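Take a look at the letters that make up each chain.
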Amino acid sequence: AQSVSQHNHHVILSEAASLELGCNYSYGGTVNLFWYVQYPGQHLQLLLKYFSGDPLVKGIKGFEAEFIKSKFSFNLRKPSVQWSDTAEYFCAVNSMDTGRRALTFGSGTRLQVQP
Amino acid sequence: DAGITQSPRYKITETGRQVTLMCHQTWSHSYMFWYRQDLGHGLRLIYYSAAADITDKGEVSDGYVVSRSKTENFPLTLESATRSQTSVYFCASKPQYTNNGYTFGSGTRLTVV
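A short tour of the structure in this document, coming up.

A short note on the interface of chain A and chain B
Stage number 1. On the side of chain B, 21 residues touch chain A, which itself brings 22 residues to the contact.
Stage number 2. Summed over both partners, the interface of chain A with chain B buries about 1700 Å², with 54% contributed by carbon and sulfur atoms.
Stage number 3. Summed over the shared surface of chain A and chain B, the number is zero salt bridges.
Stage number 4. Among the elements of the structure, strand S5 (31-38) and strand S10 (87-95) of chain A are those that each provide at least two residues to the side of chain A that touches chain B.

Some details on the layout of surface pockets
Stage number 1. Each pocket or cavity is described by its volume, and for the largest pocket that value is around 670 Å³.
Stage number 2. Along the walls of the largest pocket sit 29 residues, with A:Gln38, A:Glu88, B:Gln37, B:Leu39 and B:Arg109 positioned nearest its centre.
Stage number 3. Listed by contribution, the elements that provide at least two residues to the lining of the largest pocket are S10 and strand S12 (109-114) of chain A together with strand S4 (31-38), strand S9 (87-94) and strand S11 (108-112) of chain B.
Stage number 4. In terms of residue class, the lining of the largest pocket is built from nine nonpolar, 15 polar and five charged.

Section: the packing of aromatic side chains
Stage number 1. The full count for this structure, using the stated rule, is 18 aromatic pairs over all chains.
Stage number 2. For the ring pair A:Tyr25 and A:Phe67, a centre distance of 6.5 Å and an interplane angle of 25° mean the geometry is stacked. With a gap of 42 residues between them, A:Tyr25 in strand S4 (residues 24-25) and A:Phe67 in strand S8 (residues 64-68) connect regions that are remote in the sequence.
Stage number 3. Residue A:Tyr25 is classed as buried on the basis of its relative accessible area of 6%.
Stage number 4. Where B:Phe33 meets B:Tyr48, the ring centres are 6.4 Å apart and the plane angle is 25°; that geometry is what we call stacked. Here B:Phe33 is found in strand S4, whereas its partner B:Tyr48 is found in strand S5 (residues 42-51), with 15 residues between them in sequence.
Stage number 5. Overall, B:Phe33 belongs to the buried group, its relative accessible area being 0%.
Stage number 6. Here B:Tyr48 falls in the buried class, since its relative accessible area comes to 12%.

Calculation notes
- Residues numbered from 1 in each chain as written.
- Chains lettered and ligands numbered in written order.
- Predicted model: local features only at pLDDT ≥ 70, side-chain atom pairs only at ≥ 80, totals over all residues.
- Heavy atoms only, no water.
- Contact = heavy atoms within 4.5 Å.
- Buried area = accessible area lost by both parts, 1.4 Å probe.
- Salt bridge = Lys/Arg side-chain N within 4 Å of Asp/Glu carboxyl O.
- Helix = DSSP H or I, 4+ residues; strand = E, 2+ residues; numbered from the N terminus.
- 1 Å grid on protein atoms, 1.4 Å probe; cavity = no way out; pocket = protein on both sides within 12 Å on 5 of 7 lines; lining within 4 Å.
- Points joined across faces, edges and corners; volume = space filled by probe spheres on them.
- Nonpolar A, V, L, I, M, F, W, Y, C, P; charged D, E, K, R; others polar.
- Phe/Tyr/Trp six-rings, centres within 6.5 Å; stacked < 30°, edge-to-face > 60°.
- Buried < 20%, exposed > 50% of the residue type's maximum accessible area, 1.4 Å probe, protein only.

Quick look at the structure:
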């Protein structure tokens, strides 16, 4: 069974600091990878996704992520965070080999950006 | 996003009662999913459905029942609510032939007392 690990549970940064959130997954086959953001009291919104091709993907709001197949990683980055980035961030994976189409999520990283 | 609607938004119920959470989508997406979100666990899959009348269990399906008689509706029933089922429940949907377009509802916050 596939699993997703997010090692940073709670991150506190000052505005303008750089951000990197780790995500590792366990499945060795073909995967689609996603990062979602959840602002307080809201539903999940897609930040970015990787299906194939260039392993460096750019998403909304200045976020990007790099897929490193050899490390089973899909880390999220942002060069300069803003107070409005305060939210919870979830990494998710979907195996393309099993036919199951449900996303498997990591436990989430709560980001707190201080003004 | 108005395309996927969950109701109610908030629900308080007593232990042992049956509760049904509703999910309705307007896109005719084939796939629908129910997740629960708990602190420290992220989102965990309860049930999913590939089409009308086709459902399958996820990782945390004990104590839950689903049905999907129509493509657009995917209700989740807690047969006899327990305090451990206090959680935020999210419904999601996606089209059949692409992994683009997973869309989530706004969630139902359920408290079992």
